[in-house]
Amino acid sequence: AAGVIQSPRHLIKEKRETATLKCYPIPRHDTVYWYQQGPGQDPQFLISFYEKMQSDKGSIPDRFSAQQFSDYHSELNMSSLELGDSALYFCASRGREVPEAFFGQGTRLTVV
Amino acid sequence: AQTVTQSQPEMSVQEAETVTLSCTYDTSENNYYLFWYKQPPSRQMILVIRQEAYKQQNATENRFSVNFQKAAKSFSLKISDSQLGDTAMYFCAFLQGGSEKLVFGKGTKLTVNP
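Residues numbered from 1 in each chain as written. Chains lettered and ligands numbered in written order. Predicted model: local features only at pLDDT ≥ 70, side-chain atom pairs only at ≥ 80, totals over all residues. Heavy atoms only, no water.

Peer 1: Is there a simple way to think about the overall build of chain A in this case?
Peer 2: The number of helices and strands found in chain A is zero helices and eleven strands. Walking chain A from its N terminus toward its C terminus, one meets helices and strands in the order β-β-β-β-β-β-β-β-β-β-β. Compactness check: chain A gives a C-alpha radius of gyration of 13 Å against a globular reference of 13 Å for 112 residues, within 12% of the reference. Each principal axis of the C-alpha distribution contributes one length, and for chain A these read about 40 × 25 × 25 Å. Across the 112 residues that make up chain A, the buried fraction comes to 48%. When contacts within chain A are restricted to residue pairs at least 6 apart in sequence, those whose partners lie at least 24 apart make up 52%. Taken as a whole, chain A presents about 5400 Å² of accessible surface, with 48% of it coming from carbon and sulfur. (Helix = DSSP H or I, 4+ residues; strand = E, 2+ residues; numbered from the N terminus. Rg over C-alpha atoms; globule rule 2.2 N^0.38 Å. Buried < 20%, exposed > 50% of the residue type's maximum accessible area, 1.4 Å probe, protein only. Contact = heavy atoms within 4.5 Å. Areas by Shrake-Rupley, 256 points an atom, 1.4 Å probe, with all protein chains shown as cover.)

Peer 1: Is there a simple way to explain the state of the cysteines in this structure?
Peer 2: One covalent bond between the sulfur atoms of two cysteine residues makes up a disulfide. Residues and elements named next belong to chain A. Summed over the entire model, instances satisfying the criterion amount to two disulfides over all chains. Disulfide pairing is shown between cysteine 23 and cysteine 91; the S-S distance is 1.7 Å. Every disulfide takes its handedness from the sign of the S-S torsion; for cysteine 23 and cysteine 91 that torsion is -55 degrees, giving left-handed. With a gap of 68 residues between them, cysteine 23 in strand S3 (residues 19-24) and cysteine 91 in strand S9 (residues 87-94) connect regions that are remote in the sequence. (Disulfide = S-S within 2.5 Å.)

Peer 1: Sorry if this is basic, but what is going on with the sheet that holds S3(A) here?
Peer 2: By way of backbone hydrogen bonds, the strands of a sheet pair with one another, either parallel or antiparallel. Residue and element names in this part refer to chain A. Taken together, four strands build an open sheet; the order of strands is S1-S3-S8-S7 and the sheet is antiparallel. Looking along the sheet, the strands with just one partner apiece sit at the ends: strand S1 (5-7) and strand S7 (64-68). Between one strand and the next, the sheet's axes are offset by a mean angle of 15 degrees, whatever the strand orientation. Sheet topology places S7 next to strand S8 (residues 74-78); five bridges connect them, and they run antiparallel. Each residue of the ladder has a partner; that of alanine 66, found in S8, is leucine 76. (Pairing = 2+ DSSP bridges. Axes fitted to C-alpha atoms, helices over the stretch in contact; angles between N-to-C directions.)

Peer 1: Even after reading the chapter, I still don't get the pairing of strand S6 (residues 53-57) of chain A, so can you show me in this structure?
Peer 2: Along any regular strand the residues' side chains alternate between the sheet's two faces. Residue and element names in this part refer to chain A. The pairing of strand S5 (residues 44-50) with S6 spans four bridges and is classified as antiparallel. Residue pairing in the sheet places phenylalanine 49 in a bridge with glutamine 54 of S6. Taken together, S5 and the strand that follows it, S6, pair antiparallel across an intervening segment of two residues, in which glutamate 51 is found at a positive phi of about 50 degrees.

Peer 1: What is the right way to look at the environment of B:Ser74 in this model?
Peer 2: Residue and element names in this part refer to chain B. Within the secondary structure layout, serine 74 lies in strand S9 (residues 74-79). Along the chain, serine 74 and methionine 89 lie 15 residues apart, while their C-alpha atoms are 19 Å from each other. Once you skip the residues sitting within four places of it in the chain, serine 74 turns out to touch Cys23, Thr24, Tyr25, Asn67, Phe68 and Gln69.

Peer 1: I tried to follow the side chain of B:Gln39 on my own but got confused; where do I start?
Peer 2: Among the structural elements, B:Gln39 can be located in strand S5 (residues 32-39). Here the side chain of B:Gln39 touches A:Gln37 through a polar contact of 2.8 Å, side chain to side chain. Look past the residues within four positions of B:Gln39 in its chain and what remains in contact with it is A:Gln37, A:Leu88, A:Phe90, B:Gln44, B:Met45, B:Ala88, B:Met89 and B:Phe91. (Polar contact = N/O pair within 3.5 Å; in protein donor to acceptor, adjacent residues only side chain to side chain.)

Peer 1: Just to check I follow, could you spell out the interface of chain A and chain B for this structure?
Peer 2: The accessible area lost on association of the parts is a frequent measure of interface size. Between chain A and chain B, the residue contacts involve 25 residues of the former and 18 residues of the latter. Together chain A and chain B conceal approximately 1800 Å² of surface at their shared face, both sides included; 53% is due to carbon and sulfur atoms. Contact with chain B buries surface across chain A, with A:Asp42, A:Pro99 and A:Phe103 losing the most and accounting together for 28% of the total. With a shortest N-O distance of 3.3 Å, B:Lys106 and A:Asp42 are connected by a salt bridge. Seen at the junction of chain A and chain B, the total is eight residue pairs in polar contact (both at pLDDT 80 or more). Sorting the residues of the side of chain A that touches chain B by element identifies strand S4 (31-37), S5, S6, S9 and strand S10 (102-103) of chain A as the ones contributing at least two each. (Buried area = accessible area lost by both parts, 1.4 Å probe. Salt bridge = Lys/Arg side-chain N within 4 Å of Asp/Glu carboxyl O.)

Here it is in structure tokens:
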């Protein structure tokens, strides 16, 4: 079965650079979530989209922005990167009639 | 705001034995869902089991079952016949009905010993 696809899987950026993470949800899933997981931490909710509109917002820094496109894929844009942004970034998707979210394999971002 | 508490940072169990991971949550709502996710060393987040708050029957998925005590706001995960591949971080998670925000506990690191 198709799963959530995230790209890239690994990314190394320097401080103050910009990064773009991409997420392709499971087909027919209309909700996308972004989570940030630091080392040894639980996943922290950043932002979610339902039917291409932002549906909820968590602890997402102002330096970050995200959107969901007409084909339901989503991108997380991160600017002015800081060392503390180094983390595993998960995307998850969810179908309309089910409550459970399915996660991608994550993008490991390292800021040096 | 909803909170999820996992009071056991680490646990270990012998292969083939049974282990129970604890989770409590706090909410004033009646419509919600609870989940257990597994995160093995690969860091992939894998859904283990889900429970709808309106269902009294405890969810079961093969060797995994839950003990859902709604009044006590408790949602424990029982793993029977533990296998080495069960070694992972286990996260309890809460989703408010109608919300998009999945709230995670801090996790329990489970080690299955041979």
